[in-house]
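Per-entry structural report
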Amino acid sequence: MENKCLDDLATEAGIASEYINAYGKPQVIPAEIRHQILEIMHTEIPVNRPVSHTLASSVPNVKVIIQGQAITLPLDDSDNYQWQLHTEQGEIFQGQCQYQLTLPSHLPLGYHTLTLSRTTCRPACCTTRENISAQQQSMQLIVAPERCYEPEMLINGEKLWGACIQLYTLRSENNWGIGDFGDLKYMLQELALRGGAFVGLNPLHAIYPAMPENASPYSPSSRHWLNVIYIAVNQVEDFKHSVAAQTWWQLPETQRKLRQAREAEWVDYTTVMALKIVALRMAHTQFQLRSDNDPQYIAFQQFVNNGGKNLYSQAAYDALHNELHGENNTYWGWPVWPEEYRAFDSDAVKEFCLSHPQDIDFFLWLQWLADIQLAECFTVSQTNPMPIGIYRDLAVGVAQGGSETWCNRHIYCTKASVGAPPDILGPLGQNWGLPPINPHELKAQAYQPFIELLRSNMRHCGALRIDHVMSLLRLWWIPQGKTADKGVYVHYPVDDLLAILALESQRNQCLVIGEDLGIVPAEIVDKLRTRGVYSYKVFYFERNERSEYRSPTEYPIQAMATITTHDLPTLRGFWQNRDLALGESIGLYPDKTLLRELYAERERCRQALTASLIRHNYLSSEISLTEDTQLLLPQITQQAAVPDQSELTMPSSVNHAVHRYIAHSNCALLGLQPEDWLDMLQPVNIPGTTEEYPNWRRKLTMTLEVMFADNHINELLQTVSEYRKQSL
């Protein structure tokens, strides 16, 4: 009986009892896993049950509707109620009701407050004022538009293109060994001259100044603030004006370290961060000499005031982490800090903040610098002009021991992590090590954490890519200490979240792109399309039931097409099996039978790709499949899992043909990687690895200055721009 009760509670709480696995078959979730996740949630409040029962039990603490919909809330008793609705715009609507509450159907968009009151009499025959008691309940009413924002050019059917970059990979003559906001500004200007509409970025979320080697942009400390390593120090006014900073800058030892960091093949995060922190501390000292009525000082104070507790907690975390990690480098995050520092509102943390005001102010100032430099980049993109300019990337979660979980512990379930269930290539699934948000606590907080997250990431950009957009519907939760195959799907209030996404998208005039790769539940596909969220189409995966590459005309319009992503091989790497060879060398494919099949499948992909390029007239049919393009792999035998790679060099004709092919696609947006313009082989990231490969560190092979002066690259980009216009 107890298990039956727990099963019912788990179902009511949105914990799935089964799912369709990667093989298309129903997979039952063991009851003990569901019960464990239920316990981790620390709640028995399912998503659709109201949090408060002060009045009628059917009245929730928050209600989200689409503008124009009828709004009716049933009431559980026959008492008379008075209601008053205060809109965000300052309007007041009011009335009386019994049995059900019906509100005006054409309320303005926004976040409104509804107050519901009832009057009861004791006893029924008595009407004196003393015997009348009033009860009230407030609820938030969120009125959202039907669709997310779309730029006018897309509404008019124009086809836009841009570059998708990992900012840290950029080389230049001026940066300090890592791509920065100065490089981004330069790239925006150069791409605009060539017809580009945007530059897409990796997540810019705050990482760890004290531990810069923890560099994954998809495992951040906080998604509300920025990674300060991207500050272009040479563009900071107080760095230029500081005598101490300029003296340090001219030292031979400083210049030697800068030169080494610039010339390194991989980003040396430790050296880069150390150099920037030294320089920026001297610049901060100079900044503090400004008077109270200095425009920059006033702007900084306004930024701090607007950031409120959220910003202050970020600065406090970075300052405290820097102090503790300097004493003991095993202090990777708050879960292993001394007990007294593990809660943001503890007395010890308050004492630290009071005794280290300069350190707190320094990290506040770094966030301000990063924000104004990103804002300047977006301004450059809009004055050129570029229809979108910058498109940012929102990671699916945050690291367990970062600042976001430190200061908002209640909303995160830190005894679980999210990932992906087993599939063909990963029989044990994936564990991303990111604690999930509790959907019930999210609703109890009237979705405010989600709203603030969108606002933080829709700043200074024209589009936002949402990583793993299926998380709005469901996430794969894995109990702490379990492998990823011992997880379960937990459902989220997808309709409410999509409506709020549309509202914030319209308010911020920010296009939304949903990364919908992998196993995409049928139930969310139409929801995303209806709400105006653009899909994400990767060329490698766009094949029909006959394994043929889809024609450019078969691509959907409401989508962004791309050749590859940060988690996939470059075009040359795909052609030359670099991802498979790397995976083999670091032990990702211990099953030799599976590895042979992967190589065989890659051969079939190359054959199908070339056939499609020829069929659609992007590649000459006169090219020999066995000689000029060197398509055919040597015989793969049972003894040799890895075939000979010596004859697999990808010709430039194939690279250009693929770019023309994808440029002709019906997709409204096209995002291209500079790695493919440069014919690069090495990937930026190998999913499922941590120490085995230097993820998030590989740079481009050319500086931006050299790349944009290259005739072959300029010809390629000119062709892409022309083909985008032809696809109208």
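Cut-off values and rules
- Sequence positions are assigned chain by chain, starting from 1 and proceeding in written order.
- Only residues with pLDDT of at least 70 are given local features in this predicted model, and only at 80 or more are side-chain atom pairs given and counted; all residues enter the totals for whole chains, interfaces and linings.
- Hydrogens and water are ignored here; the side-chain numbers use all heavy atoms of the structure.
- UniProt positions are given in the numbering used here, feature names are shortened, and annotations may be inferred rather than shown by experiment.
- Helix and strand labels come from DSSP, where a helix needs a run of H or I of at least four residues and a strand needs a run of E of at least two; each type is numbered from the N terminus.
- Burial classes follow relative accessibility: with a 1.4 Å probe on protein chains only, a residue under 20% of its type's maximum area counts as buried, one over 50% as exposed, and anything between as partly exposed.
- It only takes one pair of heavy atoms within 4.5 Å for two residues to be counted as in contact.
- Throughout the structure description, domain borders are defined by an automatic or database domain assignment.
- When DSSP finds two or more bridges between a pair of strands, those strands are recorded as paired.
- The axes used here are C-alpha line fits, helices contributing only the stretch in contact, and every angle between their N-to-C directions lies in the interval 0 to 180 degrees.
- Working rule for helices: expected span equals 1.5 Å times residues minus one.
- Working definition: the arc comes from the directions between the helix axis and the C-beta atoms, pointing outward to the latter.
- Pairing of aromatic side chains requires ring centres within 6.5 Å, counting the rings of Phe and Tyr and the six-membered ring of Trp. Pairs whose planes differ by under 30 degrees are stacked, by over 60 edge-to-face, and all others tilted.
- Cavities and pockets were defined on a 1 Å grid built over protein atoms only: a cavity is a set of grid points that admits a 1.4 Å probe from which the probe cannot escape, a pocket is an open set flanked by protein on both sides within 12 Å along at least five of seven lines, and lining residues are those with an atom within 4 Å of any such point.
- Grid points are joined across faces, edges and corners, and a volume is the space filled by probe spheres set on the points.
- Polar here means any residue other than Ala, Val, Leu, Ile, Met, Phe, Trp, Tyr, Cys and Pro, which are nonpolar, and Asp, Glu, Lys and Arg, which are charged; Gly is therefore polar.

Named according to an unreviewed UniProt entry, the chain is 4-alpha-glucanotransferase originating from Xenorhabdus szentirmaii DSM 16338. What the UniProt record of the chain gives under Sequence similarities (unreviewed entry) is the line "Belongs to the disproportionating enzyme family." One UniProt comment on the chain, placed under Catalytic activity (unreviewed entry), says "Transfers a segment of a (1->4)-alpha-D-glucan to a new position in an acceptor, which may be glucose or a (1->4)-alpha-D-glucan."

Regarding the environment of Glu340
Mapping Glu340 onto the fold places it in the loop between helix 9 (295-327) and helix 10 (347-355). A relative accessible area of 41% places Glu340 in the partly exposed class. C-alpha separation for the pair Glu340 and Leu503, spaced 163 residues apart in sequence, amounts to 40 Å. Ignoring any residue separated from it by four or fewer positions in sequence, one finds Glu340 in contact with Ser346, Ala348 and Val349.

Some thoughts on the domain arrangement of the chain
What the domain assignment reports for the chain is domain 1 (6-41), domain 2 (62-120 + 133-144) and domain 3 (179-193 + 201-389). Distance between the C-alpha centres of domain 1 and domain 3: 42 Å.

A look at the sheet that holds strand 20 (residues 511-514)
Spatial ordering of the open sheet is given by 20-17-14-11-10-23-22-21, a layout of eight strands whose pairing is parallel. Only two strands of the sheet have a single neighbouring strand rather than two, namely strand 20 and strand 21 (535-538). Taking each pair of neighbouring strands and ignoring which way they run, the sheet shows an average axis angle of 25°. Alignment of strand 21 against strand 22 (residues 559-562), held across four bridges, turns out to be parallel. If you follow Ser535 over to strand 22, its bridge partner there is Ala559. Running over the sheet, helix 4 (residues 181-193) touches strand 10 (160-165), strand 11 (198-201) and strand 14 (389-394) and is turned about 145° from strand 11. The strands touched by helix 20 (residues 652-663) within the sheet are strand 22 and strand 23 (669-672), with strand 23 carrying the most contacts at an inclination of about 155°.

Regarding helix 7 (residues 252-263)
Taking 1.5 Å per residue as the helical rise, helix 7 with its twelve residues ought to reach 16 Å, and the 16 Å between its terminal C-alpha atoms agrees with that figure. Listing the buried residues of helix 7 in full gives Thr254, Leu258 and Ala261. When helix 7 is viewed along its axis, its buried side chains cluster within an angular range of 65° and face the same direction. Among the exposed residues of helix 7, those oriented more than 90 degrees off its buried face are Pro252 and Glu263. Close packing links the buried residues of helix 7 with helix 6 (243-250) and helix 8 (269-287).

Observations concerning the packing of aromatic side chains
This structure, assessed with the given rule, holds 26 aromatic pairs. With a centroid separation of 5.1 Å and an interplanar angle of 70°, the aromatic rings of Tyr19 and Trp476 are classed as edge-to-face. A residue pair is termed long-range when its members are at least 10 positions apart, and Tyr19 in strand 1 (residues 18-20) and Trp476 in strand 18 (residues 474-479) qualify at 457 residues. For the pair shown, Tyr19 and Trp476 are each scored as buried. Judged by centre distance (5.5 Å) and plane angle (70°), the ring pair of Phe539 and Tyr661 falls under edge-to-face. One end of the pair, Phe539, is in the loop between strand 21 and strand 22; the other, Tyr661, is in helix 20, and 122 residues separate them in sequence.

Quick word on empty space enclosed by the protein
By the definition in use, this model includes six cavities of 30 Å³ or more. Of the volumes computed, that of the largest cavity is approximately 310 Å³. Looking at the largest cavity, it is lined by 23 residues, and the ones nearest its centre are Arg223, Val396, Ile437, Phe450 and Ser471. Its residues assigned to classes, the lining of the largest cavity shows 19 nonpolar, two polar and two charged. Estimated volume of the second largest cavity: approximately 230 Å³. Residue lining of the second largest cavity: 21 residues in total, with Cys164, Gln166, Thr565, His566 and Gln673 positioned closest to the centre.

Comments concerning the sheet that holds strand 15 (residues 416-420)
Here we have four strands laid out as an open sheet, ordered 16-15-18-19, and antiparallel in their pairing. In the strand order of this sheet, the two ends are held by strand 16 (430-434) and strand 19 (488-491), each with one partner. Neighbour-to-neighbour, the strand axes of the sheet open up by a mean angle of 50°, direction not taken into account. Of the strand pairs in this sheet, strand 15 and strand 16 are connected by three bridges, and their pairing is antiparallel. If you follow Val418 over to strand 16, its bridge partner there is Leu434.

Topic: the layout of surface pockets
Reported here for the second largest pocket is a volume of approximately 450 Å³. Lining the second largest pocket are 20 residues, with Trp225, Asn306, Gly307, Ser456 and Arg459 positioned closest to its centre. Here the lining of the second largest pocket is built from residues that sort into seven nonpolar, eight polar and five charged.

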